[in-house]
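Structural description and commentary
As a plain string of letters, each chain reads:
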Amino acid sequence: MLARYVDSQTRVISISHVQYLTGQRLDLGALADLAHNHGAVLVVDATQSAGQVPIDVAAADVDVVITGAYKWLGSTFGAAVCYLAPSVIDRFNPPFVGWRSTVDPYELDAHFLPLAGSARKMEYSTMSYASAFALGLSIRYTLGLGVGSVLRHNLDLADQLLAGLDERGATILTPRQRDMRAGIVTARFEGRDGEDVARRLTEGGVIVSPRVGSTRFSLHHYNTPADVDGALAVLDDVLSP
Ligand SMILES: Cc1ncc(COP(=O)(O)O)c(C=O)c1O
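A few points on the structure.

Here is what the cut-offs are and how they apply
- Residues numbered from 1 in each chain as written.
- Predicted model: local features only at pLDDT ≥ 70, side-chain atom pairs only at ≥ 80, totals over all residues.
- Heavy atoms only, no water.
- Pairing = 2+ DSSP bridges.
- Helix = DSSP H or I, 4+ residues; strand = E, 2+ residues; numbered from the N terminus.
- Axes fitted to C-alpha atoms, helices over the stretch in contact; angles between N-to-C directions.
- Contact = heavy atoms within 4.5 Å.
- Phe/Tyr/Trp six-rings, centres within 6.5 Å; stacked < 30°, edge-to-face > 60°.
- Buried < 20%, exposed > 50% of the residue type's maximum accessible area, 1.4 Å probe, protein only.
- Right-handed = clockwise from strand over helix to strand, strands pointing away.

1. Focus on the sheet that holds strand β2 (residues 41–45)
Sheet architecture is open: four strands sit in the order β1-β2-β3-β4, paired in mixed fashion. Both edges of this open sheet fall to β1 (12–16) and β4 (80–84), since each of them pairs with a single strand only. Going across the sheet, the axis of each strand differs from the next one's by a mean of 10°, ignoring polarity. For strand β3 (residues 64–68) and β4, the ladder comprises five bridges, and the chain directions are antiparallel. Looking across to β4, one finds that Val64 is bridged to Leu84. In the packing of helix α1 (residues 28–37) onto the sheet, the strands contacted are β1 and β2, and the crossing angle to β2 comes to about 145°.

2. Some details on the packing of aromatic side chains
Each aromatic ring pair is characterised by the separation of its centres together with the angle its planes make. Evaluated as defined, the whole model comprises three aromatic pairs. Ring centres of Trp99 and Tyr106 lie 5.5 Å apart, and the angle between their planes is 80°; on these two criteria the pair is classed as edge-to-face.

3. Digging into the pairing of β2
Counting buried residues in β2 gives four out of five residues, a clear majority hidden from the surface. Where β1 and β2 come together, five bridges link them in parallel fashion. For Ile15, the partnering residue across the bridge sits in β2 and is Val44. Taken together, β1, α1 and β2 form a β-α-β motif whose crossover is right-handed.

4. Details of the sheet that holds strand β8 (residues 214–218)
Ordered in space as β5-β6-β8-β7, the four strands form an open sheet in which the pairing is antiparallel. A strand with exactly one partner marks an edge of an open sheet, and here the two such strands are β5 (171–172) and β7 (209–211). For strand β6 (residues 184–188) and β8, the ladder comprises four bridges, and the chain directions are antiparallel. Bridge pairing links Thr186 to Arg216 in β8. Across the face of the sheet, helix α5 (residues 147–167) comes into contact with β5, β6 and β8 while running at roughly 10° to β6.

Any functional reading would require information that these geometric values do not contain.
Following this line, the structure appears as C-alpha cells:
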C-alpha cells in the first residue's frame, strides 16, 4: 500500500516499526527493498518495538533505527538509541554538534570542530550518563530474556486477549495475523467511548491507554495469562449496563 506513495522523488521512508495506535507491525525487509529500489533510505522508529520484537538491521538492510528507552525496553527517560548503517554514517552530518562531537573534545577549541569518526559525533555535549547506564542494563536484561521469546510471549497473551475481546463483541483495530502485530491490542466497544472505557479500566487497576476513541492494551514480558483474565473480568464490570 505504501508503495504507491514512493517514486524517484522519495528521499526517505520514515515509518514506525510497530504503530502506536493499532499495534500494526511492518515488514522492515520489504520496506528497505522498496526504499532502496527508489534510491531512498529507510528510517525506522522502533520506539514501540525495540525490546519486544527482534530487529536484525543487517538482514533487513535497514539504514537508520531510532528508539526511545522508556517503553518496551523498560528503561528511563533521558537516553535513546540511534543506529546508522555503515553506508549512512559517513554521509550523516549531525544537525547538532558541540565540544563532545569533535575528534579531541579536550582541545576545547571552538574555532574548528573536526567531527569524530564514530557515533560520538552526535554526542554534542555532556549528557545524562545515568540514563545511558540504566538503558545498558535494561538492554542486557531484555537480551537475557531473549527478544524472540518476549515476542512469542507477548503474542500469546495478545491472542488470549483477542479471544476474550471477540467474545465480548469488541471491534479490533489491531491486525489479526501474528506477524503483523506484537504486544499492543487496540479495541473499540459499540456504544461506548473507548477512552472512557480505558479510564475506567485504569481506575479498576488495569492500566491501559485511551487512544483516539479506543482502548489500547499493552502486554509485555512481566504480564501473565492471569493478568489477561483479570483485565477481562474488570472489563466485564466496566461494560456492564
Ligand atoms: C512510535 C513512537 N515514537 C516515538 C514516541 C515518543 O517519542 P519521544 O520519546 O521522543 O517523545 C512514541 C510515543 O508514544 C511512539 O509511539
